[in-house]
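Structural characterization, general
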Amino acid sequence: SVSKSLEYHPSIVDFGLTKCNIPDLMKSVVVKNSGLVADTISSISLEPQTPEFKLTNLPIMPYSISAGDSLTINIEFNPSSEGKFSTNLIINSPDLKQGPITIPVSGEYRKTILSASDPILDFGQLETCESPKSLKFILYNTGTLADTLLVNLERGVKPYSIVSPDTLLLGGNDSTEVEVSFNP
């Protein structure tokens, strides 16, 4: 009998946790024919198909791998929203007695999404002799990734000061109040 054998590495494709704005991330699976004769791959797919993962630069199927040769399969991870994502890389060959090769693929994407309750603070008209006036606004993080924010004023804006701490840890899906004081 003639020996045919497809080996693959890695057995799991994990993109891990990706934060903030991401470029397209790529990982590869290498399928090697460690047998003595050519082997055929009849199809390569991701199941279930999800928009976060895609296969790139696949050869035309069916694809014949000579003995000792290998095929690199590239998987791209490009999520458009936050979350944990998973699929399976399925490699079919008519010569696989155990059925298709199934390789789990996963990735997670988290980011901060910041906004303020009032983008403009209007202190109105104050006279030089008046007491300081404070206004507050709320910073929201509707993303799921915590962020450390440095709150400061532009240089040269002397009558204004930050009453709140100037370093804020804003958790995911959280908000915090920021107070600004005007001292005429």
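The notes below deal with the structure included here.

What counts as what
- Residues numbered from 1 in each chain as written.
- Predicted model: local features only at pLDDT ≥ 70, side-chain atom pairs only at ≥ 80, totals over all residues.
- Heavy atoms only, no water.
- Helix = DSSP H or I, 4+ residues; strand = E, 2+ residues; numbered from the N terminus.
- Contact = heavy atoms within 4.5 Å.
- Core = buried A, V, L, I, M, F, W, Y, C linked by side-chain atoms within 4.5 Å.
- Buried < 20%, exposed > 50% of the residue type's maximum accessible area, 1.4 Å probe, protein only.
- Phe/Tyr/Trp six-rings, centres within 6.5 Å; stacked < 30°, edge-to-face > 60°.
- Polar contact = N/O pair within 3.5 Å; in protein donor to acceptor, adjacent residues only side chain to side chain.
- Pairing = 2+ DSSP bridges.
- Axes fitted to C-alpha atoms, helices over the stretch in contact; angles between N-to-C directions.

Things to note about the environment of Asp24
- Topologically, Asp24 is positioned in the loop between β2 (13-19) and β3 (25-33).
- When near neighbours in sequence (up to four residues on either side) are disregarded, Asp24 contacts Glu76, Phe77 and Asn78.

Focus: the nonpolar core
- Membership of the largest hydrophobic core comes to 23 residues, with the highest contact counts inside it found for Val31, Ile41, Phe53, Ile75, Leu89 and Ile91.
- For this core, the elements supplying multiple residues, two or more each, are β2, β3, β5 (43-47), β8 (70-77), β9 (83-92) and β10 (101-110).
- Look past the residues within four positions of Ile91 in its chain and what remains in contact with it is Val31, Ile41, Ser43, Ile73, Leu96, Pro100, Ile101 and Ile103.

Brief notes about the packing of aromatic side chains
- If you walk through the whole model with that rule in mind, you get 7 aromatic pairs.
- Through a chain of ring-to-ring contacts, three or more aromatic side chains come together here, namely Phe15, Phe53, Phe77 and Phe85.

Side note on the side chain of Thr87
- Residue position: Thr87 is located in strand β9.
- Residue classification places Thr87 among the buried residues on the basis of a relative accessible area of 4%.
- Of the polar contacts made by the side chain of Thr87, one reaches the backbone oxygen of Glu47; its length is 3.3 Å.
- Aside from chain neighbours lying at most four places away, what touches Thr87 is Leu46, Glu47, Pro48, Phe53, Ile103, Pro104 and Val105.

A few points about the environment of Lys133
- Here Lys133 shows up in strand β12 (residues 133-141).
- Relative accessible area serves as the criterion here: at 32%, Lys133 is assigned to the partly exposed category.
- Along the chain, Lys133 and Phe123 lie 10 residues apart, while their C-alpha atoms are 7.3 Å from each other.
- The contact partners of Lys133, leaving out residues within four places of it in the chain, are Phe123, Leu126, Val180, Ser181 and Phe182.
- Within polar-contact distance, the side chain of Lys133 engages the backbone oxygen of Phe123 at 3.4 Å.

A look at the sheet that holds strand β6 (residues 53-56)
- Reading across the sheet, the 4 strands line up as β1-β3-β8-β6 and stay open at both edges, with antiparallel pairing between neighbours. The open sheet terminates on both sides in strands that have one partner only, identified here as β1 (6-9) and β6. When strand polarity is set aside, the average angle formed by the axes of neighbouring strands in this sheet is 25 degrees.
- Examined bridge by bridge, β6 and β8 share 4 bridges and lie antiparallel to one another. Residue pairing across strands places Leu55 opposite Ile75, the latter belonging to β8.

This is a description of form; function is not addressed.
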